[in-house]
Amino acid sequence: MSKFAGLDVGLVVAGHGRHYVVETPEGERIICHPRGKKSDCVVGDRVRWQASGDEGVIEHVEPRRNLLFRQDEWKTKSFAANLDQLLVLVAAEPVFSESQLARALIAAEDAGIPARVLLNKADLPAIGMARERLKAYAAMGIDVLEVALKARKDEASALLAPLLQGRATLVLGPSGTGKSTLINLLAPDARAQVGEVSQALNSGRHTTTHTQWYWLNESRETGLIDSPGFQEFGLRQIDAQRLSSLMPDLSEHAGACKFYNCSHQHEPACGVRAALERGAISESRYRIYGEILGELVKRA
Ligand SMILES: Nc1nc2c(ncn2[C@@H]2O[C@H](COP(=O)(O)OP(=O)(O)O)[C@@H](O)[C@H]2O)c(=O)[nH]1
Ligand SMILES: [Mg+2]
Ligand SMILES: [Zn+2]
């Protein structure tokens, strides 16, 4: 038995710098600090902690089922741990970066986390273009859902509720796509939840400056995790050789490559480039593959 077995267990529901909010099984929230210098826990972690005055000290982080993170040139940034699924939110407007979308999906695939794409603002005329840009994703077997979180609320919550029920879902997406709208629609007391935590973490603002776990119901079985937007989404944790295997539309054709270690860039008899030429792989997906591969090779 672990030496931490006697300590209280808790769920990390928010984190900012070296301050964390840990929730007890009874639903009480306590500000905690990690023991020692390293602050290596993230939202979604199960931790063992002990009281120290009216705050707490995190003594141990339980082994994770999974961890979604990005690795930029200079730093590694964890999004959340122990996830049941990732929901990548994009919208008709602002126009989304397909590279960011692809990167989020690759990171999820690498971490073994099922992912879905949620396209918001279906009420806007630009939806047609966005839908077009997502065709390749639906074609490779990714669930792409369309909603109008503000314009058609009831329809959106009826669609989403069963997909989220009983799960821990991380919502990722650029700002302005509707993350707050989504949380407020599905977690009726979201404002109270965020207020309580902002105060505790002293971040003092209601914009998303930290990652936060929201419960969608009082029984606390469905969790939705909101996280701040990001500029960069580096994938330097991934081995260049494995990259195409994490992109289902490319990997489908990699078996036809002459060389087992084909980079699909310039080798002869490449199944991926043959598929690209006959239109079975979209040009933007192939371009994104090359762009990420370039970053991985440069590192080596
Ligand atoms: N037209 C339209 N606008 C929406 C919809 N959902 C959200 N918005 C608007 O998009 C803007 C950004 O939403 P917000 O939830 O703050 O996005 P966040 O930055 O991702 O948290 C706000 O002005 C929302 O009112 C929708 O279904 N249709
Ligand atoms: Mg927001
Ligand atoms: Zn190839």
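Our structure is the block above this text.
Residues numbered from 1 in each chain as written. Chains lettered and ligands numbered in written order. Predicted model: local features only at pLDDT ≥ 70, side-chain atom pairs only at ≥ 80, totals over all residues. Heavy atoms only, no water.

## Some words on the nonpolar core
Nonpolar side chains tend to gather and get buried jointly when the protein is soluble and globular.
And then number 1: Residues Leu68, Tyr137, Leu170, Leu172 and Leu243 are the most contacted members of the largest nonpolar core, which totals 67 residues.
And then number 2: Excluding its chain neighbours within four sequence positions, the residues that come into contact with Tyr137 are Glu98, Leu101, Ala102, Leu105, Ile142, Val144, Arg285 and Ile288.
And then number 3: Counting residues in hydrophobic clusters, the runner-up holds 19 residues, among them Ala156, Leu163, Val171 and Leu216. (Core = buried A, V, L, I, M, F, W, Y, C linked by side-chain atoms within 4.5 Å. Buried < 20%, exposed > 50% of the residue type's maximum accessible area, 1.4 Å probe, protein only. Contact = heavy atoms within 4.5 Å.)

## Let's talk about the coordination of the zinc ion (ligand 3)
And then number 1: Each protein donor to the zinc ion (ligand 3) is listed here as Cys257 (SG), Cys262 (SG), His264 (ND1) and Cys270 (SG); together their distances run 2.1 to 2.4 Å.
And then number 2: Taken together, the four donor atoms surrounding the zinc ion (ligand 3) define angles of 101 to 115° at the centre, an arrangement classified as tetrahedral.
And then number 3: Of note, the zinc ion (ligand 3) draws all its donor residues from one chain, in the sequence arrangement C-x4-C-x1-H-x5-C. (Donors = N, O, S within 2.8 Å, 3.2 Å for Na, K, Ca; no water. Tetrahedral: all angles 85-135°; square planar, octahedral: opposite > 155°, others 65-115°.)

## Brief notes about the site of ligand 1
And then number 1: The immediate surroundings of ligand 1 are formed by 16 residues, with Asp123, Gly176, Lys179, Ser180 and Thr181 found nearest.
And then number 2: Lys150 has a polar side-chain atom sitting 2.9 Å from an oxygen atom of ligand 1.
And then number 3: Out of a free accessible area of 580 Å², ligand 1 has 73% covered by protein chains.
And then number 4: Per-element accounting of the shell around ligand 1 gives the leading share, three residues, to helix H5 (residues 179-186).
And then number 5: Taken together, the residues that form the shell around ligand 1 break down as five nonpolar, seven polar and four charged. (Near = heavy atom within 4 Å. Polar contact = N/O pair within 3.5 Å; in protein donor to acceptor, adjacent residues only side chain to side chain. Areas by Shrake-Rupley, 256 points an atom, 1.4 Å probe, with all protein chains shown as cover. Helix = DSSP H or I, 4+ residues; strand = E, 2+ residues; numbered from the N terminus. Nonpolar A, V, L, I, M, F, W, Y, C, P; charged D, E, K, R; others polar.)

## A word on the packing of helix H4 (residues 153-164) against H5
And then number 1: Between H4 and H5, the least distance of the axes is 10 Å, while the angle of their chain directions is 80°. It follows from the interaxial angle that H4 and H5 lie roughly perpendicular. Every residue of H5 that contacts H4 at Lys153, Ala156, Ser157, Leu160 and Leu164 is listed here: Leu182, Leu185 and Leu186. (Axes fitted to C-alpha atoms, helices over the stretch in contact; angles between N-to-C directions. Parallel < 35°, antiparallel > 145°, perpendicular 65-115°, else oblique.)

## Points about H4
And then number 1: Compared with an ideal rise of 1.5 Å per residue, which puts twelve residues at 16 Å, H4 spans 16 Å between its outermost C-alpha atoms and is within 8% of the ideal.
And then number 2: Of all the positions in H4, only Ala156, Leu160, Leu163 and Leu164 are classed as buried. Viewed along the axis of H4, the buried residues span an arc of 85°, placing them on a single side of the element. Summarising the geometry of H4, the exposed residues directed more than 90 degrees from the buried face are Asp154, Glu155, Ala158 and Pro162.
And then number 3: On its buried face, H4 sits against strand E8 (85-91), strand E9 (115-120), strand E10 (143-146), strand E11 (168-172), H5 and strand E13 (223-226).
And then number 4: Trailing H4 by a residue or two, Gly166 shows a phi angle of about 75°, which is positive. (Expected span 1.5 Å × (residues − 1). Arc of directions from axis to C-beta.)

## Looking at the pattern of salt bridges
And then number 1: Within this structure, the stated rule accounts for 16 salt bridges.
And then number 2: Of the charged contacts in the structure, one is a salt bridge between Arg131 and Glu146, with a shortest N-O distance of 2.8 Å. With a gap of 15 residues between them, Arg131 in helix H2 (residues 127-133) and Glu146 in strand E10 connect regions that are remote in the sequence.
And then number 3: Take Glu146: its relative accessible area is 31%, and that puts it in the partly exposed class.
And then number 4: Lys135 is paired through a salt bridge with Glu132; the nearest N and O atoms lie 3.2 Å apart.
And then number 5: Assessed through its relative accessible area of 46%, Glu132 is described here as partly exposed. (Salt bridge = Lys/Arg side-chain N within 4 Å of Asp/Glu carboxyl O.)

## A closer look at the pairing of E11
And then number 1: The buried fraction of E11 is high, at five of five residues.
And then number 2: Because side chains alternate across E11, one face comprises the buried residues Ala168, Leu170 and Leu172, and the other comprises Thr169 and Val171, equally buried.
And then number 3: As paired elements, E8 and E11 share four bridges and run parallel to each other. Within E11, the residue paired with Leu87 across the bridge is Val171. (Pairing = 2+ DSSP bridges.)

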